[in-house]
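Remarks on the overall topology
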Amino acid sequence: MVKNFKHPYKSFDEQIAILKSRGVEINDYEFAKNALMTFPYYSIINGYKDMFLKQKEPDIFRKGTSFEMLYQVHWIDIQVSNIIFKYSLAVEERLKALVSNIVARNFSIDEEKYLDKRNYSKSKSQRGKINDFIQAIEDAKQTSKIAQHYIKEEGNLPPWIAAEIISFGSMVNWYSALSINEKKEVVNFFLQKMSTQGLVKTDDKLQFCKICLEQVYRFRNLSAHGNRTFKLQLSETDTQKIRFLDEFSISFLYKAGNEIELPRNGLFSIIVSIIVLLDDQYLISNMIDELESIANTYGNKNLFNGKSIYNLFDVDENFISRLKEFMNLKFSPKNNN
């Protein structure tokens, strides 16, 4: 096969020369060169260039676009991604705690019993997920020191340790593979502080919770592979349904000024899903505070050649206040009785 190299090697100096030829202002040559030696060209430039390119000249940047702007956008993206990633870990840990607790209580702590496929969904669509989480546990037992300790000392791996040693993806599959009764128990724990959850049909609660978990899990996958959070858009199947938002009285979160609706499959929706799934007010409050700090630091509308961080993240200037309102509603005394 004939190879056609469309992207030949370019030195750091050549990369800067290309940027200058495309209209990017290089105010500090050494800064730009050092940045490209720290982060790949693709991460800084290609990941965000569509926000700064001329509409009718797709290879030329708009006048006033500097390398520093592109670098700062990249760095803010990393900061926001790290904040969301950190709190997605708390969602993962909560899922592991809830599922393993219900499995232990309902099936036994004996791995031969709680891993018996007869305890799980009989749906053909779940067979692959059942096989996945069971195989993930078996594989992890070979490398996990904590698992090997329990096996050596007790001859058994309790479900809470099995949950701890597998990935978020396999844990989501474990939850998905549960029979309907066990799944209801998990969802009722997840949604116990949602003020209207007692009025929502079980099927809707299951579907709503599934979308919330999928949004957090999809974000984790994308983030782990270096995808940007700016203009993040999940698939249609991972889009939150308006009907569920209305039933749980949180559709107001997505309504920005002038009745503009925020995306129900973007970064903001992922943040909302994290708040839905966590019941620790301290964690949620800290997450909102960290996001507010970013907004306060970089909220200048003219920071990015006419674009603000609100444009770049597909949120509005009041998104923090609505997140705080949601948190206060969720943890109001009447919801904790």
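To be clear, the structure that these remarks concern was listed above.
The sections below set out a description of the structure shown in this document.

1. A closer look at the packing of helix α10 (residues 180-190) against helix α11 (residues 202-224)
Contact pair α10 / α11: the axes reach a minimum separation of 10 Å and the direction vectors enclose 70 degrees. By the angle between their axes, α10 is roughly perpendicular relative to α11. The hand of the α10/α11 crossing is left-handed. Between α10 and α11, the residues in contact are Ile180, Lys183, Lys184, Val187, Asn188 and Phe190 and Thr202, Lys205, Leu206, Cys209 and Leu213, respectively. Per-class residue counts for the contact of α10 with α11 are 6 nonpolar, 2 polar and 3 charged.

2. With respect to unusual backbone geometry
Look at Ser108: it is not a glycine, yet its phi comes out positive at around 110 degrees. With respect to the helices, strands and loops of the structure, Ser108 is situated in the loop between α4 (67-107) and α5 (111-114). With a phi angle near 60 degrees, Ser249 is a residue other than glycine that sits in the positive phi range. For Ser249, the position within the fold is in the loop between α12 (242-247) and α13 (267-277).

3. Side note on α11
In this model, α11 (23 residues) spans 33 Å end to end at C-alpha, consistent with the 33 Å of a helix rising 1.5 Å per residue. Following α11 by one or two positions, Gly226 adopts a phi angle in the positive range, close to 80 degrees.

4. Comments concerning empty space enclosed by the protein
Tallied over the full model, the rule gives 2 cavities of 30 Å³ or more. Estimates place the volume of the largest cavity at around 110 Å³. Taken together, Val80, Leu267, Phe268, Ile271, Leu291, Ile294, Ala295, Ile309, Tyr310, Phe313, Val315 and Phe319 make up the lining of the largest cavity. Mapped by element, the contributors of at least two residues to the lining of the largest cavity are α13, α14 (281-298) and α15 (309-313). Class assignment of the residues belonging to the lining of the largest cavity gives a composition of 12 nonpolar, no polar and no charged. A volume near 40 Å³ is recorded for the second largest cavity. Around the second largest cavity sit Thr229, Lys231, Leu232, Pro263, Gly266, Leu267, Phe268, Phe313 and Asp314, which together line it. A class-by-class count of the residues in the lining of the second largest cavity yields 5 nonpolar, 2 polar and 2 charged.

5. Some words on the side chain of Asp238
Within the secondary structure, Asp238 sits in the loop between α11 and α12. Residue classification places Asp238 among the buried positions, given a relative accessible area of 5%. Side-chain polar atoms of Asp238 contact the side chain of Arg218, separated by 3.3 Å.

6. Brief notes about the nonpolar core
The biggest cluster of nonpolar side chains holds 110 residues, and the ones touching the most others in it are Phe67, Ile84, Trp174 and Ile250. When residues no more than four places from it in sequence are discounted, the contact partners of Ile250 are Met194, Phe208, Leu245, Val272, Val276 and Phe326.

7. Comments concerning the side chain of Lys141
As for its position among the elements, Lys141 is in helix α6 (residues 127-141). We classify Lys141 as buried; its relative accessible area is 13%. Dropping the residues within four chain positions of it, Lys141 is found in contact with Glu111, Ala147, Gln148, Ile151, Leu157 and Ile165.

8. Side note on the layout of surface pockets
Summary: where empty space remains is shown by rolling a probe the size of a single water molecule over the atoms. In this structure, the largest pocket spans a volume of roughly 370 Å³. In terms of lining residues, the largest pocket is bounded by 15 residues, among which Tyr48, Asp77, Gly226, Asn227 and Arg228 are the most central. Secondary-structure elements contributing two or more residues to the lining of the largest pocket are α3 (41-46) and α4. Considering each element in turn, the lining of the largest pocket owes the most residues, 5 residues, to α4. Within the lining of the largest pocket, the residues separate by chemical class into 3 nonpolar, 10 polar and 2 charged. What lines the second largest pocket is Lys6, His7, Pro8, Lys10, Gln15, Ile18, Arg22, Tyr41, Asn46 and Lys49.

9. Digging into the environment of Gln55
Tracing the sequence through the fold places Gln55 in the loop between α3 and α4. Of the residues examined, Gln55 reaches a relative accessible area of 81% and is grouped as exposed. Remark: the alpha-carbon pair of Gln55 and Asp289, spanning 234 residues in sequence, is separated by 36 Å.

Rules used in this analysis
Residues numbered from 1 in each chain as written. Predicted model: local features only at pLDDT ≥ 70, side-chain atom pairs only at ≥ 80, totals over all residues. Heavy atoms only, no water. Axes fitted to C-alpha atoms, helices over the stretch in contact; angles between N-to-C directions. Helix = DSSP H or I, 4+ residues; strand = E, 2+ residues; numbered from the N terminus. Parallel < 35°, antiparallel > 145°, perpendicular 65-115°, else oblique. Left-handed = near helix turned anticlockwise from the far one by under 90°. Contact = heavy atoms within 4.5 Å. Nonpolar A, V, L, I, M, F, W, Y, C, P; charged D, E, K, R; others polar. Expected span 1.5 Å × (residues − 1). 1 Å grid on protein atoms, 1.4 Å probe; cavity = no way out; pocket = protein on both sides within 12 Å on 5 of 7 lines; lining within 4 Å. Points joined across faces, edges and corners; volume = space filled by probe spheres on them. Buried < 20%, exposed > 50% of the residue type's maximum accessible area, 1.4 Å probe, protein only. Polar contact = N/O pair within 3.5 Å; in protein donor to acceptor, adjacent residues only side chain to side chain. Core = buried A, V, L, I, M, F, W, Y, C linked by side-chain atoms within 4.5 Å.

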